[in-house]
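# Per-entry structural report
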Protein chains: 2
Amino acid sequence: VRIAVIGVGLIGGSVALAARERLGATVLGYDPDLAALGLAQRRGVIDVAAISLEEALAEAEAAFVAAPVGLLADLVARVLEAAPPDCVVTDVGSTKQPLTTLAADERFVGGHPLAGAETAGVIHARADLFEGATWYLTPTANTEGILYERLHRLISGLGAKPLAIEADAHDAMMAAVSHLPHVLANVLVGQAAAVLASQGERLPATGPSFRDATRVAGANSSIWTDIYLANADALITQIDAVIQALAQVRADLSAADGPALTAWNEGAAVDRRSLLEAQLAGGELIELRVPVPNRPGVVAQIALELSRAGVNIADLALYPAADMSQGVVVLWITGAELAERAEQRLAGMDLGVYRP
Amino acid sequence: VRIAVIGVGLIGGSVALAARERLGATVLGYDPDLAALGLAQRRGVIDVAAISLEEALAEAEAAFVAAPVGLLADLVARVLEAAPPDCVVTDVGSTKQPLTTLAADERFVGGHPLAGAETAGVIHARADLFEGATWYLTPTANTEGILYERLHRLISGLGAKPLAIEADAHDAMMAAVSHLPHVLANVLVGQAAAVLASQGERLPATGPSFRDATRVAGANSSIWTDIYLANADALITQIDAVIQALAQVRADLSAADGPALTAWNEGAAVDRRSLLEAQLAGGELIELRVPVPNRPGVVAQIALELSRAGVNIADLALYPAADMSQGVVVLWITGAELAERAEQRLAGMDLGVYRP
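Notes on the structure in this doc start here. (Residues numbered from 1 in each chain as written. Chains lettered and ligands numbered in written order. Predicted model: local features only at pLDDT ≥ 70, side-chain atom pairs only at ≥ 80, totals over all residues. Heavy atoms only, no water.)

Now for the relation of the copies chain B and chain A. You can overlay chain B on chain A at an RMSD of 0.1 Å; the transform is a turn of 180° with a shift of 0.0 Å along its axis. Expressed as an axis order, the relation between the two copies is that of a two-fold axis. In terms of C-alpha distance to the rotation axis, chain B has B:A213 as its closest residue, with the C-alpha 2.0 Å off the axis. (Least-squares fit on C-alpha atoms with pLDDT ≥ 70 in both.)

Structure representation (structure tokens):
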């Protein structure tokens, strides 16, 4: 398989390394930063350092665009112009809303691997960076099924777990579990520092729980300003919800309402447990086969419907009939309970499903 | 030395163990929970299980009250009634405002060791629980100097670092570095769970930074509801400041004001660094001697003034003249720079200071 990697930093470089080492892919890299591009080639991260976007993409079957969030929309548009008609194009940006206008192109599938925030640069690229990591994909009804299948398999091949999700749901989720925690960490250190300033030169003794809560405060501005701006709408929604929740806590404190504070705190304990348990799913792989009409978007619809039901597709394959009138989608689901849930959801979509 | 420990849970039990093992103290314990009291005696945590508050306190030189925050004010008042006239009485509660009315008694000094939040019960008591931990003390102008000195030395003897601070400054600091992070962790898990609920049964893949930020969410309600209520005023002040800070971030996001967001984020990076560096002070111990008039409150004033200047008193001793007309306060300060700063501050208080 021939892969173009546009942007050979930590993420692009790791995609390239993993694709070469784990999938035997031929990887053409391109980066406007020629020093980074040269380094990637000398270190064996890529097979070929292309001198242009066009050269990198000429015969690519898949293209990964790994650029800063603020540059992605323009760059992906240029990649789609230069990419062959049967090349799947994806990106690795942490917000997907800025790319929704590109989703009219059946070759484009937004992507976001949850990996690699703590370092940067091709020098830190590793073939195992994505091992076991969730890798969100945002297919739409326009997405070409065969191209989606190829991307899904490539990403599994890199060691990650692909998970389909709508772009806006992805952004709302990232706002809640990543961007908002960064905002609140910034606010927390700011207020601790303000208390410090009001107390002369005395420094508050912050314990491990404060350090845990503020570990991400003041994260790299060259990355995070772009992320905040790219996901401003979803983040504003979350900020408004925080303000509302804090107003309620404030009211309960003012009223010295112990039972209300206890109920709120117990609710948080339940929420925390459910979020933790969500990380621990497991079980044996069960294969499901789903005959489908060969119409655009059906593979994406299946992926989205199962994801919505909490069913993670461990692997996926698409077998089109010779005349392309229909095909069979083969799904591998982890665990008996989730496999049964998947069967119910597929039946609810008026799709037949059987086990081999 | 003879010590009364009122409440033999994790903290009280650890005070007792450390006092016995490290200071050779005789420890009388009392707890209305007779099972806990019996266990403390069988495990050798205390020397004597007293059958009443009065018996525990009869000849005590120091009394540590280690009860839940909500019960402290009443209990400390009862302890002060029962304690001998030359017994220093302290507590270990994480908010100090509820006890300010008791500070009229020259024997009472509020206290708060930063240790031991993660477990409970005498079964987990350890002699080294306070090793290296900051232990806040809240003396006032009423505090008897000899009793404050005794408490300071006892706490150093337990392995902790005593640090004097005004009660209201302590509570503002704890609101900022402990209580507010708990509130925001609760809010964060609540919103992540709400996003989850809005997405069918799909679960957000929370990464390590989310887990770090929410580790304390839903902490033990039987402890935390009391803490929130006891420190409601300072916590409300912090919550109002969060709401104001979030409103500013929201405005910057709405206006897509990248430079403002970058400046805010860079400010958070500076704040975080200064808070971390505050944990890393060190150096050689320097002895300072301060002749003082024998008037109430002077030792507390010195401790507070130096603390306000960022000077940690590693150790402290008070040598009264035979006729009690004056005395010498001996201070050990860590590091040349802080010792010089201490000398300047003491001079500013119109106190003479010399090195032996």
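Moving on, we come to the interface of chain B and chain A. If you look at the interface, chain B gives 89 residues, while chain A gives 89 residues. Across the chain B/chain A interface, buried area totals approximately 7800 Å², and carbon plus sulfur atoms make up 66% of it. On the surface where chain B and chain A come into contact, there are two salt bridges. Between A:D240 and B:R250 there is a salt bridge, with the nearest N and O atoms lying 2.6 Å from each other. There are 18 residue pairs in polar contact (both at pLDDT 80 or more) connecting chain B and chain A. Among the elements of the structure, strand 7 (134-138), helix 6 (167-198), helix 7 (208-213), helix 8 (221-230), helix 9 (232-254), helix 10 (258-277), helix 11 (298-308) and helix 12 (336-348) of chain B are those that each provide at least two residues to the side of chain B that touches chain A. If one sorts the elements of the side of chain B that touches chain A by residue count, helix 6 of chain B sits on top with 19 residues. Its residues assigned to classes, the side of chain B that touches chain A comprises 51 nonpolar, 23 polar and 15 charged. (Contact = heavy atoms within 4.5 Å. Buried area = accessible area lost by both parts, 1.4 Å probe. Salt bridge = Lys/Arg side-chain N within 4 Å of Asp/Glu carboxyl O. Polar contact = N/O pair within 3.5 Å; in protein donor to acceptor, adjacent residues only side chain to side chain. Helix = DSSP H or I, 4+ residues; strand = E, 2+ residues; numbered from the N terminus. Nonpolar A, V, L, I, M, F, W, Y, C, P; charged D, E, K, R; others polar.)

Glancing now at the sheet that holds strand 1 (residues 2-6) of chain A. Residues and elements named next belong to chain A. One open sheet holds the eight strands; their spatial order is 3-2-1-4-5-6-7-8, and the pairing between them is mixed. Among the strands making up the open sheet, the edge pair consists of strand 3 (48-49) and strand 8 (161-164). Packed onto the sheet, helix 1 (residues 10-23) meets strand 1, strand 2 (26-30), strand 4 (62-65), strand 6 (108-113) and strand 7 (134-138) and runs at close to 165° relative to strand 1. (Pairing = 2+ DSSP bridges. Axes fitted to C-alpha atoms, helices over the stretch in contact; angles between N-to-C directions.)

Quick look at the pairing of strand 8 (residues 161-164) of chain B now. Residues and elements named next belong to chain B. Bridge analysis of strand 7 against strand 8 gives four bridges, and the strand direction is parallel. Among the inter-strand pairings, T134 is bridged to a residue of strand 8, identified as K161. One crossover worth recording links strand 7 to the parallel strand 8 by way of helix 5 (residues 145-157), and it is right-handed. (Right-handed = clockwise from strand over helix to strand, strands pointing away.)

On to the nonpolar core. Residues A:L246, A:L253, B:L246 and B:L253 are the most contacted members of the largest nonpolar core, which totals 74 residues. Beyond its immediate stretch of four places on either side in the chain, A:L246 contacts B:V183, B:L184, B:V187, B:I239, B:V242 and B:I243. (Core = buried A, V, L, I, M, F, W, Y, C linked by side-chain atoms within 4.5 Å. Buried < 20%, exposed > 50% of the residue type's maximum accessible area, 1.4 Å probe, protein only.)

For the coordinates displayed, the defined rule picks out 24 salt bridges over all chains. The partner of B:D105 in a salt bridge is B:R107, with the nearest N and O atoms 2.7 Å apart. The class for B:R107 is buried, based on a relative accessible area of 10%. The structure contains a network of salt bridges with shared partners spanning A:E166, A:E305, A:R308 and A:R345.

Moving on to the environment of A:L71. Within the secondary structure layout, A:L71 lies in the loop between strand 4 and helix 4 (72-82). Distance in space between the C-alpha atoms of A:L71 and A:A232 is 16 Å, their sequence separation being 161 residues.

Taken N-terminus to C-terminus, the directions of helix 6 (residues 167-198) of chain A and helix 9 of chain B make an angle of 130°; their axes are 10 Å apart at the nearest point. Between helix 6 of chain A and helix 9 of chain B, the interaxial angle falls into the category oblique. In this structure, helix 6 of chain A meets helix 9 of chain B at a crossing whose hand is right-handed. Of the residues in helix 9 of chain B, those in contact with A:V183, A:L184, A:V187, A:Q191 and A:V195 of helix 6 of chain A are B:Q238, B:A241, B:V242, B:A245, B:L246 and B:V249. (Parallel < 35°, antiparallel > 145°, perpendicular 65-115°, else oblique. Left-handed = near helix turned anticlockwise from the far one by under 90°.)

These figures come from the coordinates and say nothing about function on their own.
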